[in-house]
Amino acid sequence: MTKSALITGITGQDGAYLAKLLLDKGYKVHGLVARRSSDSRWRLREMGVEADIVYLDGDMADACSVQRAVIKSAPDEVYNLAAQSFVAASWDQPVTTGIVDGLGVTHLLEAIRQFSPHTRFYQASTSEMFGLIQAEQQDENTPFYPRSPYGVAKLYGHWITVNYRESFNLHASSGILFNHESPLRGIEFVTRKVTDAAARIKQGKQQELALGNIDAKRDWGFAGDYVEAMWLMLQQDKPDDFVVATGVTTTVREMCRIAFDHVGLNYRDYVKIDPAFFRPAEVEVLLGNPAKAQRVLGWKPKTDLDTLIRMMMDADMKRVAKE
Ligand code: NAP
Ligand code: G4F
């Protein structure tokens, strides 16, 4: 029997990779899409899946539309990827971030509880919940200490998922994913900002690159690998929480070196530090321990940072050349 999936945030980076993965597995894929005045489906076109998706209008802030999407899609699996996901913006829009990334999760869980309790649920939780880290390497037992309105809202989303699992016996799992990137990453995130700028500088279309805290360290993986972990979580008999990471952490500075090196440039000649890109409270370092995901799900990252950055650089070099 064909399985039905509902993906919120289908127009985002992970939504596009996950939609492709599920379509390739034979799922009927529904996507909750918020009303936008400009085109938001470009990533789905890039993945070649735009025409294969059933689009349902809705917004995570609007409980009625979320409920309608659950009823219409009659999903076997729901993947809640929708979010205001840019940490820096969460200080400018703390209330929206709280509603969409926090309360929005309850809208979805309530709809599932009332209308479709057999549905399996995935929550897109984040390593930002670890924030001011309480252990050198973070795993499922590390205490949380969020450092931004985004991290705080996501922590609510995480705990309400755990709570609905324990209160109502829902098959609800939370994936605590560390940073993952791809050529489809939003341009505001540091990896894409760097690869796009390196491509422009190489092609004479930009002179310099302004960044904030380049000593920050992140555990970066490839989005295409990480959506497989999401799917695997919902194939388990028991719902649970899983850290998904590479187990390697790297500075933004080193990430710049890799990107600029790839096009024969020295990042030191172009990167300028601009206080405007520093955050009110920083997450200095993240390093995940994916041992449980490996043991229980059989999941391992396939793509190292060098390969990932080269993939992004190649895509940006081609895109910038066409502009
Ligand atoms: P993304 O590219 O920013 O995509 C976010 C998606 O959410 C977009 O489709 C966006 O729609 C949608 N959205 C935003 N506000 C909405 C609303 N009010 N109602 C309905 N949809 C809304 O994010 P991503 O990188 O794919 O990440 C996917 C999820 O994983 C997010 O929840 C993020 O917080 C979480 N996460 C990401 C990472 C990472 O490193 N990428 C790590 C851990 C957790 P529009 O396209 O119309 O704006
Ligand atoms: O690329 P970033 O903006 O990602 P951040 O804040 O780590 O958040 C991403 O990963 C989270 C998982 O840990 C997700 F939950 C979240 O949704 C998002 O996908 O920044 C990475 C680091 C930060 O320390 C930031 O301060 O890079 C530093 N940085 C330095 N200069 C910069 C810049 N970040 C951005 N975006 N722009 C800069 O100019």
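It should be noted that the structure appears before, not after, this text.
Worth saying up front: this structure is predicted, and the values here are computed from it rather than measured. (Residues numbered from 1 in each chain as written. Chains lettered and ligands numbered in written order. Predicted model: local features only at pLDDT ≥ 70, side-chain atom pairs only at ≥ 80, totals over all residues. Heavy atoms only, no water.)

**Some points on the sheet that holds strand E1 (residues 4-8)**
Right, on to step 1. Pairing is parallel across the open sheet formed by seven strands, whose spatial order is E3-E2-E1-E4-E5-E6-E11. Each end of this open sheet is capped by a strand with a single partner; those strands are strand E3 (54-57) and strand E11 (241-244). Taken over all neighbouring pairs, the strand axes of this sheet differ in orientation by 20 degrees on average, direction set aside.
Right, on to step 2. When E1 meets strand E4 (residues 77-80), the two strands line up parallel, connected through four bridges. When the bridges of E4 are listed, Ile 7 appears paired with Tyr 79.
Right, on to step 3. In the packing of helix H1 (residues 13-24) onto the sheet, contacts are made with E1, strand E2 (28-33) and E4, and the angle to E1 comes to roughly 175 degrees. (Pairing = 2+ DSSP bridges. Helix = DSSP H or I, 4+ residues; strand = E, 2+ residues; numbered from the N terminus. Axes fitted to C-alpha atoms, helices over the stretch in contact; angles between N-to-C directions. Contact = heavy atoms within 4.5 Å.)

**Describing the pattern of salt bridges**
Right, on to step 1. With the rule as written, the count across this model stands at 22 salt bridges.
Right, on to step 2. Here Asp 241 makes a salt bridge to Arg 165, at a shortest N to O gap of 3.0 Å. You can see Asp 241 sitting in strand E11 and its partner Arg 165 sitting in helix H5 (residues 149-168), a full 76 residues away along the chain. Both residues of the pair, Asp 241 and Arg 165, belong to the buried class.
Right, on to step 3. One salt-bridge network, held together by shared partners, links Arg 192, Asp 196, Arg 200, Asp 316, Arg 319 and Glu 323. (Salt bridge = Lys/Arg side-chain N within 4 Å of Asp/Glu carboxyl O. Buried < 20%, exposed > 50% of the residue type's maximum accessible area, 1.4 Å probe, protein only.)

**A word on the site of ligand 1**
Right, on to step 1. Within the structure, ligand 1 sits among 25 residues, and Thr 11, Asp 14, Ser 85, Tyr 150 and Lys 154 are positioned closest to it.
Right, on to step 2. At 3.0 Å, a backbone N or O of Gly 12 approaches an oxygen atom of ligand 1.
Right, on to step 3. Starting from 890 Å² of accessible surface for ligand 1 in isolation, the protein chains cover 88%.
Right, on to step 4. Of all the secondary structure elements, the ones that give two or more residues to the shell around ligand 1 are H1, strand E5 (120-126) and H5.
Right, on to step 5. By residue number, the principal contributor to the shell around ligand 1 is E5, which donates three residues.
Right, on to step 6. Grouping the constituent residues of the shell around ligand 1 by class yields ten nonpolar, ten polar and five charged. (Near = heavy atom within 4 Å. Polar contact = N/O pair within 3.5 Å; in protein donor to acceptor, adjacent residues only side chain to side chain. Areas by Shrake-Rupley, 256 points an atom, 1.4 Å probe, with all protein chains shown as cover. Nonpolar A, V, L, I, M, F, W, Y, C, P; charged D, E, K, R; others polar.)

**Some words on the packing of aromatic side chains**
Right, on to step 1. What the rule picks out here adds up to nine aromatic pairs.
Right, on to step 2. With 5.6 Å between their ring centres and 80 degrees between their planes, Tyr 17 and Phe 222 make a pair best called edge-to-face. One end of the pair, Tyr 17, is in helix H1; the other, Phe 222, is in strand E10 (residues 221-222), and 205 residues separate them in sequence. This pair shows no difference in class: Tyr 17 is buried, exactly as Phe 222 is.
Right, on to step 3. Each residue in the set Phe 130, Phe 144, Trp 159 and Phe 178 is aromatic and connected to the rest through ring pairs, giving one cluster.
Right, on to step 4. Here the guanidinium or amino end of Arg 185 rests over the ring plane of Phe 189, the centre of that ring lying 3.8 Å away.
Right, on to step 5. Seen from the ring of Phe 242, Lys 292 lies directly overhead, with NZ or CZ sitting 5.0 Å from the centre. (Phe/Tyr/Trp six-rings, centres within 6.5 Å; stacked < 30°, edge-to-face > 60°. Lys NZ or Arg CZ within 6 Å of the ring centre and 35° of its normal.)

**Considering the side chain of Ser 116**
Right, on to step 1. Structurally, Ser 116 can be placed in the loop between helix H4 (94-115) and E5.
Right, on to step 2. Owing to a relative accessible area of 5%, Ser 116 belongs among the buried residues under this scheme.
Right, on to step 3. A distance of 2.5 Å separates a polar atom in the side chain of Ser 116 from a polar atom in the side chain of Thr 119.
Right, on to step 4. Ignoring sequence-local partners within four residues, the contact set of Ser 116 consists of Val 70, Pro 75 and Ala 111.

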